[in-house]
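One letter stands for each residue in the lines below.
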Amino acid sequence: MDDLEDFIGDWDAQNRAAHRKIALFDTRLTQKWTMSQQELFAKLFYHARGGFHHFMWIMGNKAPNYESKETIVDNFREEFGKHGPSHEQLYLDFANSLSVEVGSADTYWPFLQAYDKGHW
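We now turn to the structure provided with this report. All values reported here derive from a predicted model rather than from experimental measurement. (Residues numbered from 1 in each chain as written. Predicted model: local features only at pLDDT ≥ 70, side-chain atom pairs only at ≥ 80, totals over all residues. Heavy atoms only, no water.)

Positionally, Glu-39 belongs in helix H3 (residues 35-50). Looking at Glu-39, the relative accessible area reads 26%, which means it is partly exposed. For the pair Glu-39 and Phe-7, spaced 32 residues apart in sequence, the C-alpha separation works out to 38 Å. Aside from chain neighbours lying at most four places away, what touches Glu-39 is Leu-98 and Val-100. (Helix = DSSP H or I, 4+ residues; strand = E, 2+ residues; numbered from the N terminus. Buried < 20%, exposed > 50% of the residue type's maximum accessible area, 1.4 Å probe, protein only. Contact = heavy atoms within 4.5 Å.)

Next up on the list: the side chain of Arg-49. Residue position: Arg-49 is located in helix H3. Non-local contacts of Arg-49, meaning those with residues more than four positions away in its chain, are made with Glu-79, His-87, Glu-88 and Tyr-91.

On to the pattern of salt bridges. Enumeration according to the criterion identifies five salt bridges in this entry. In this structure, Arg-28 and Asp-26 form a salt bridge, with 2.9 Å as the shortest nitrogen-oxygen distance. The salt bridge partner of Arg-49 is Glu-79, with a shortest N-O separation of 3.9 Å. With a gap of 30 residues between them, Arg-49 in helix H3 and Glu-79 in helix H5 (residues 66-80) connect regions that are remote in the sequence. For Arg-49, a relative accessible area of 17% translates into the label buried. Linked by salt bridges that have partners in common, Arg-49, Glu-79 and Glu-88 make up one network. (Salt bridge = Lys/Arg side-chain N within 4 Å of Asp/Glu carboxyl O.)

Treat this as a map of the structure, not an account of what it does.
Okay, structure coming up:
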């Protein structure tokens, strides 16, 4: 078990270091976004997160054991909001706070389509 914990710890540290290099995760930059940039982000990111269920479905079908499958089912429960609003509703609330309508095909840009399909 120590090998797995070491592997996950190393992977997590590498993942965090990689994320620190991505401008989207740098709050010093994003807090300076204009309203137009915030609105565009909300419109675009809706599509990036919208394909998550495809990815989870594939993961569930390939999961090697019961525990792994339960983890994936728990992720779906979390997406549905368990005892509160779903993540979809929370996102719609976020978009509404910016007075943005999301889900339009004109903001499902090719790079987002490729990103979504890359997970299937």
